[in-house]
Amino acid sequence: MSDNFGDFIKEKRARCNYSLKYVAEIIGISNVYQSSIEAGKRPAPSYDVLMKLRDALKLNDDESIGSVYVDAQKITYDIVNNYLEKGKNDIIFVSPQQNLIRTVDLIEGMKKAYQDHQLPFDESTQVINTSTHYEESYTQFVEHFRNHKHDLVFASYDKEGVAVVNAAIDNNINIPDDMEVMAMMDTSYSLICRPSLSTIHLPIYDMGALAVRLLTKILNQEELETKEVCVGYTNIYRKSTIQ
């Protein structure tokens, strides 16, 4: 196994029989950026880039490497459970085509909350897959809200949350009085949204730095307390939910 992060990525790419250009294209970065990562000329990539590299190079199948993660099931369980306790059980989850956090874990947390309240959960109607592009998501939800209104729409990205808010308002649905909206990541999208978007703050940049540091220690065969690092998150309540 290679002894530094850049060589490790290059080695994994070669094992997959992928060209540098191909990997750069599928994770959405330039050839120069990908080359600089492999050459060790860049600081730690963002968590976003790391997760895309993980998926592109099938690193989930490699048990020799560690993991930096958030407890995705707990995130959705706590949010959904809170609303179910208030008697608000019409909740949908919005999942984009690409997600930094494992969608299956987010959905499992939602399912468990419904099970604990002995309520039915229908994934076919309560999980809506959408595009990573704002315009397409907005158009999709404009159509959806012509015939549907929910107690809570929980989106796994702020950008999709903004699309939900704008599409709802354009269908004369008042946010948050008629329908509440919450998202994840706590990016600038959540602040420019009107009303401002309640969201889950995830320490994405810290997670990226931790992931590279952990992998570097593993590659250098340094002693580790654990290969699995679970980081915390914070609920940020703004104007798109009622508190």
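Above this text sits the structure in question.
So, here is what we can say about the structure in this document. (Residues numbered from 1 in each chain as written. Predicted model: local features only at pLDDT ≥ 70, side-chain atom pairs only at ≥ 80, totals over all residues. Heavy atoms only, no water.)

### Notes on the environment of A39
Rules: Starting at the N terminus, helices and strands are each numbered in turn, a helix being any DSSP run of H or I of at least four residues and a strand any DSSP run of E of at least two.
Topologically, A39 is positioned in the loop between α3 (31-38) and α4 (47-56). Counting along the chain gives 32 residues from A39 to D7, while the straight-line C-alpha distance between them is 7.2 Å.

### Notes on helix α8 (residues 134-144)
Quick reminder of the rule: Burial classes: relative accessible area under 20% of the type maximum marks a residue as buried, over 50% as exposed, and values in between as partly exposed (1.4 Å probe, protein chains only). Working definition: the arc comes from the directions between the helix axis and the C-beta atoms, pointing outward to the latter. Here, residues are in contact when the closest pair of their heavy atoms is within 4.5 Å.
Turning to α8, its buried residues number three or more, namely S137, F141, V142 and H144. Down the axis of α8, the sector holding all buried residues measures 160°, keeping them to one side. Of the exposed residues in α8, the ones pointing more than 90 degrees away from its buried face are E135 and T139. Buried residues belonging to α8 abut β2 (91-96), β3 (127-130) and α9 (158-169).

### Section: the side chain of Q126
Inclusion rule: We call two N or O atoms a polar contact when they sit within 3.5 Å, provided that within protein one can donate a hydrogen and the other can accept it, with sequence-adjacent residues counted only if both atoms are side-chain atoms.
Following the sequence through the fold, Q126 ends up in helix α7 (residues 123-126). For Q126, a relative accessible area of 10% puts it in the buried group. In terms of polar contacts, Q126 uses its side chain to reach the backbone carbonyl oxygen of I91, at 2.9 Å. Setting aside chain neighbours within four positions, we find Q126 in contact with N89, I91, I92, F93, M110, Y114, P120 and F121.

### Here we look at the pairing of strand β5 (residues 180-185)
This is how the line gets drawn: A strand pair is defined by DSSP finding two or more bridges across the two strands. Looking down the strands as they point away from you, a crossover is right-handed if its path from the first strand over the helix to the second goes clockwise.
Counting buried residues along β5, 6 of its 6 residues qualify, which places the element largely inside the surrounding structure. Note that strand β4 (residues 152-155) and β5 share 3 bridges and pair parallel. Residue pairing across strands places V153 opposite V181, the latter belonging to β5. Taken together, β4, α9 and β5 constitute a β-α-β crossover, and its handedness is right-handed. Here β5 runs beside strand β6 (residues 198-201); their pairing, made up of 4 bridges, is parallel. From the neighbouring strand, M182 faces β6, where its bridge partner is S198.

### Some points on the nonpolar core
Applied cut-off: Throughout, nonpolar core names a set of buried Ala, Val, Leu, Ile, Met, Phe, Trp, Tyr and Cys residues whose side chains join them through atoms within 4.5 Å.
Judged by nonpolar contacts, the single largest core of 49 residues is most densely connected at I91, I101, F154, M184, I200 and L202. Per-element accounting of this core gives the leading share, 7 residues, to helix α5 (residues 72-85). Discounting residues that sit within four places of it in the chain, M184 has contacts with I75, I101, L106, F154, A155, S156, Y157, D158, T199, I200 and L202.

### Observations concerning the pattern of salt bridges
Note the threshold: By definition here, a salt bridge exists when the distance from a side-chain nitrogen of Lys or Arg to a carboxyl oxygen of Asp or Glu is within 4 Å.
Counted according to the given criterion, the structure contains 9 salt bridges. Residue R15 pairs with E11 through a salt bridge whose shortest N-O separation is 3.6 Å. A residue pair is termed a helical-turn pair when its members lie 3 or 4 positions apart in one helix, as R15 and E11 do in helix α1 (residues 5-15) at 4 residues. Here R15 falls in the exposed class, since its relative accessible area comes to 63%. Here D186 ties to R238 by a salt bridge, and the two come within 3.0 Å at their closest N and O atoms. Here the residue D186 occupies a position in the loop between β5 and α10 (188-192), and R238 occupies one in the segment after β8 (234-236), the gap between them amounting to 52 residues. The network of salt bridges with common partners includes E108, K111 and E123.

Distances and angles like these do not, on their own, reveal function.
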